Amino acid sequence: MNETQKAVVTVIGRDMVGILARVSTAAAEGNANVMEVTQSVLDGYFCMIMIIDITEATRSIEELQNSIRTAVPDMQVHVMHENIFNSMHRI
């Protein structure tokens, strides 16, 4: 059985209606499944961290990032494979 591959998605920018829906749709179009999400609005800024399952994704990390950026063009978007994320934050 294959181990689940995950990616970390961050989205930050001015709050507006539909951000979560747009990001989730862009992920789903690449066959990436949303596993967990946390979001908040701080002084008018929307901040979200999402974990997506990319085990069966039909798009690369870069393609997923570009799709999400297209869906929310006024936001700062980063998509990173969990292995890279974990390596960056290891002491």
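As shown above, the structure is provided for reference.
Here the structure is a predicted model, which means the values were calculated and not measured. (Residues numbered from 1 in each chain as written. Predicted model: local features only at pLDDT ≥ 70, side-chain atom pairs only at ≥ 80, totals over all residues. Heavy atoms only, no water.)

### Focus on the environment of Ala-57
The following threshold applies: Only DSSP runs of H or I with at least four residues qualify as helices, and only runs of E with at least two residues qualify as strands; both kinds are numbered from the N terminus onward. A contact between two residues is defined here by any heavy atoms of the two lying within 4.5 Å.
Relative to the assigned elements, Ala-57 resides in the loop between β3 (45–53) and α2 (61–71). Spatially, the C-alpha atom of Ala-57 lies 8.3 Å from that of Asn-33, the residues being 24 residues apart in sequence. What Ala-57 contacts, discounting residues up to four positions off in sequence, is Gly-30 and Asn-31.

### Overview of the sheet that holds β3
Keep this limit in mind: Strand pairing requires that DSSP identify at least two bridges connecting the strands. Helix axes use the C-alpha atoms of the stretch in contact, all axes being lines fitted to C-alpha atoms, and the angles between their N-to-C directions lie in the range 0 to 180 degrees.
On the basis of which strands lie adjacent, the open sheet formed by 4 strands has the order β2-β3-β1-β4 and antiparallel pairing. Looking at which strands have only one partner, the edges of the open sheet turn out to be β2 (33–42) and β4 (76–81). The mean inter-strand angle of the sheet, taken between neighbouring strand axes irrespective of direction, is 10°. Pairing of strand β1 (residues 6–14) with β4 involves 6 bridges; the strand directions are antiparallel. When the bridges of β4 are listed, Val-9 appears paired with Val-79. Here helix α1 (residues 19–29) sits on the sheet in contact with β1, β2 and β3, set at roughly 25° to β3. Running at roughly 160° to β4, α2 makes contact with β1, β3 and β4 of the sheet.

### Some points on the pairing of β3
Inclusion rule: Each residue gets one of three labels from its accessible area relative to the maximum for its type: buried under 20%, exposed over 50%, partly exposed in between, using a 1.4 Å probe on protein chains only.
The alternating pattern of β3 places Phe-46, Met-48, Met-50 and Ile-52 on a buried face and Tyr-45, Cys-47, Ile-49, Ile-51 and Asp-53 on a face that is not buried. Relative to β3, β1 is paired through 9 bridges, and the arrangement is antiparallel. Across the sheet, the residue bridging to Lys-6 is Asp-53, located in β3. Two elements, β2 and β3, share 9 bridges in a ladder whose sense is antiparallel. Paired with Ser-40 across the two strands is Cys-47, which belongs to β3. In this structure, the hairpin formed by β2 and β3 is closed by a connection of 2 residues, where Asp-43 is found at a positive phi of approximately 50°.

### With respect to α2
The condition that has to hold: Working definition: the arc comes from the directions between the helix axis and the C-beta atoms, pointing outward to the latter.
Among the residues of α2, those classed as buried are Ile-61, Leu-64, Gln-65 and Ile-68. Considered in projection along α2, the buried side chains sweep an arc of 100° and stay on one side of the axis. Of the exposed residues in α2, the ones pointing more than 90 degrees away from its buried face are Glu-62 and Thr-70.

### Comments concerning the nonpolar core
Filter applied, for reference: Put simply, buried Ala, Val, Leu, Ile, Met, Phe, Trp, Tyr and Cys residues joined by side-chain atoms within 4.5 Å make one nonpolar core.
One finds Val-11, Val-23, Ile-52, Ile-68 and Val-72 to be the most contacted residues of the largest nonpolar core, which totals 20 residues. Put simply, the parts of the chain that give this core at least two residues each are β1, α1, β3, α2 and β4. Excluding its chain neighbours within four sequence positions, the residues that come into contact with Ile-52 are Gln-5, Lys-6, Ala-7, Val-9, Ala-32, Asn-33, Val-34, Met-35 and Leu-64.

### Notes on the packing of α1 against α2
Threshold: Throughout, a crossing is termed right-handed when the near helix is turned clockwise from the far one, and left-handed when it is turned anticlockwise from it by less than a right angle. Nonpolar residues are Ala, Val, Leu, Ile, Met, Phe, Trp, Tyr, Cys and Pro. Charged residues are Asp, Glu, Lys and Arg, and all others, Gly as well, are polar.
Two numbers describe how α1 lies on α2: the axes approach to 9 Å, and their chain directions differ by 150°. In the crossing of α1 with α2, the sense of the turn from one axis to the other is right-handed. In contact with Arg-22, Val-23, Ala-26 and Ala-27 of α1, α2 contributes Leu-64, Ser-67, Ile-68 and Ala-71. Of the residues in the contact of α1 with α2, the class split is 6 nonpolar, 1 polar and 1 charged.

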